[in-house]
Amino acid sequence: MYHLTEAYLMALLICLTAAYLGALVFGAGVVAPLVVRTLGEQVGGPLLRAYWPRYHGFAVAAGTLIVLTTALGSAFSAVPSVYALLVVTLSGLMTLCFLAGWRLIPAINQARDEGNHASFVRLHRFDVMLVASGMLLALAVLTALVYVLPGQFTFWPST
């Protein structure tokens, strides 16, 4: 691949990953508390019940695109394969965290509907932990991509 093209594509991937992380943080940290604070739990609850599966679905779909992009790009990149494997692995783990959280949502809703407060709190905390882990892994992917971009020029063959 032409070296400048690769740098531009990597910069584009960095921007898209940063936008992805920003959307996740905004969606979890601003939208949900704002809905509960302004509409109350009675009105906001059904809205959030429909919101969280979409949030997780977006996170899984965009995370899968990041995994596929980094995996396909690593075949043509001058970045060492071990480093490319690190980025692919981190983005795969990020996507799996959101997928596991997405699969927990029906059980969380069922526990809430049945009035099983202990189970609801346990499952909800586990989902929050998975979402937070996914966000931290997205930050790690972003950091790994930003770290390698300036040093990428040293990976090019000197021939």
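Only a predicted model underlies this, so the values are computations on that prediction, with no experimental measurement involved. Residue positions are counted from 1 within each chain, in the order its sequence is given. In keeping with the predicted nature of the model, local features appear solely for residues at pLDDT of at least 70, side-chain atom pairs appear and are counted solely at 80 or more, and the whole-chain, interface and lining totals rest on all residues. Remark: hydrogens and water are excluded; side-chain values derive from all non-hydrogen atoms of the structure.

Before going further, it helps to spend a moment on the confidence of the model for the protein chain. Confidence of the predictor at the level of single residues is captured by pLDDT, which takes values from 0 to 100. Mean pLDDT for the protein chain: 90, with 92% of residues reaching 70 or above. Secondary structure is summarised from DSSP: a helix means a run of H or I of at least four residues, a strand means a run of E of at least two, and numbering begins at the N terminus for each. When the elements of the protein chain are averaged for pLDDT, helix α1 (residues 3-74) gives the smallest value, 91, and helix α2 (residues 81-114) the largest, 95.

Counting through the fold element by element, Asp127 comes out in helix α3 (residues 117-151). Of the buried charged residues, Asp127 lacks a salt bridge, with Arg103 as the closest side chain of opposite charge at 11 Å. Residue contacts are defined here by distance: any two heavy atoms, one from each residue, within 4.5 Å place the two residues in contact. What Asp127 contacts, discounting residues up to four positions off in sequence, is His56, Gly101, Leu104 and Ile108. Here's how the labels work: a residue is buried when its accessible area is under 20% of the maximum for its type, exposed when over 50%, partly exposed in between, all with a 1.4 Å probe on protein chains only. Residues scored as positive are Lys and Arg, those scored as negative are Asp and Glu, and His as well as the terminal groups of each chain are ignored. A pairing counts as a salt bridge when a side-chain nitrogen of Lys or Arg comes within 4 Å of a carboxyl oxygen of Asp or Glu.

Attention now goes to a nonpolar patch on the surface. Candidates for patches are residues over 30% relative accessible area with no salt bridge; among them, like charges are joined within 9 Å and nonpolar side chains (Val, Leu, Ile, Met, Phe, Trp, Tyr) within 5 Å. Where accessible areas are quoted, they stem from the Shrake-Rupley method and a 1.4 Å probe; at the residue level, only the protein chains shown are allowed to cover. On the surface, a cluster of nonpolar side chains totalling about 350 Å² of accessible area is made up of Leu93, Leu96, Leu99 and Trp102. Note that Trp102 resides in helix α2. Taking relative accessible area as the criterion, Trp102 reaches 34% and is therefore assigned partly exposed.

Attention shifts here to the pattern of salt bridges. Per the stated rule, a full pass over the model turns up two salt bridges. Among the salt bridges present, the one from Arg112 reaches Glu41, with a minimum N-O distance of 2.3 Å. Within this pair, whereas Arg112 is found in helix α2, its partner Glu41 is found in helix α1, the two being separated by 71 residues in sequence. Across the salt bridge formed by Arg49 and Asp113, the nearest N and O atoms sit 2.9 Å from each other. Of this pair, Arg49 sits in helix α1 while Asp113 sits in helix α2, and the two are 64 residues apart along the sequence. A residue is classified by how much of its surface remains accessible, and Arg49, at 34% relative accessible area, is partly exposed.

Core analysis: the biggest nonpolar cluster contains 27 residues, and Tyr20, Leu24, Met94, Phe98 and Met135 have the highest contact counts within it. Elements supplying a minimum of two residues to this core: α1, α2 and α3. Considering every element that reaches this core, the biggest residue donor is α1, with 11 residues. Setting aside chain neighbours within four positions, we find Phe98 in contact with Tyr20, Leu24, His56, Ala59, Val60, Val131, Gly134 and Met135. Buried Ala, Val, Leu, Ile, Met, Phe, Trp, Tyr and Cys residues form a nonpolar core when they are joined through side-chain atoms within 4.5 Å.

What follows is about the packing of aromatic side chains. Between two aromatic rings, the relevant description is the distance of the centres plus the angle of the planes. Two aromatic rings, drawn from Phe, Tyr or Trp (for Trp, its six-membered ring), form a pair once their centres lie within 6.5 Å of each other, and the interplanar angle then sorts them: stacked below 30 degrees, edge-to-face above 60, tilted otherwise. One pass over the full model with this rule turns up five aromatic pairs. When the centroid spacing of 5.1 Å and the interplanar angle of 65° are considered together, the rings of Tyr51 and Trp52 count as edge-to-face. Taking the relative accessible area as the measure of exposure, Tyr51 reaches 22% and is therefore partly exposed. Their ring planes at 80° and their centres at 5.1 Å tell us that Trp52 and Tyr55 sit as a pair that is edge-to-face. Here Trp52 pairs with Tyr55, and both are found in helix α1, just three residues apart, close to one helical turn. Overall, Trp52 belongs to the partly exposed group, its relative accessible area being 24%. Taken together, the ring pairs in this structure connect Tyr51, Trp52 and Tyr55 into an aromatic cluster. We call a charge positioned over a ring when the NZ of a Lys or the CZ of an Arg lies within 6 Å of the ring centre and within 35 degrees of the ring normal. The ring of Phe120 carries the charged tip of Arg112 above its face, separated from the ring centre by 4.8 Å.

Right, let's talk about the environment of Tyr20 for a bit. With respect to the helices and strands, the residue Tyr20 is situated in helix α1. When the C-alpha atoms of Tyr20 and Gly63 are compared, they prove to be 8.4 Å apart, with 43 residues separating the residues in sequence. Not counting residues up to four positions away in its chain, the partners in contact with Tyr20 are Phe58, Ala59, Ala62, Gly63, Ile66, Met94, Phe98 and Ala138. Identification of polar contacts relies on pairs of N or O atoms within 3.5 Å, with a donor-acceptor requirement for protein atoms, meaning one able to donate a hydrogen and the other able to accept it, and with residues adjacent in sequence counted only if both atoms are side-chain atoms. A distance of 2.9 Å separates the side chain of Tyr20 from the backbone oxygen of Ala59, its partner in a polar contact.

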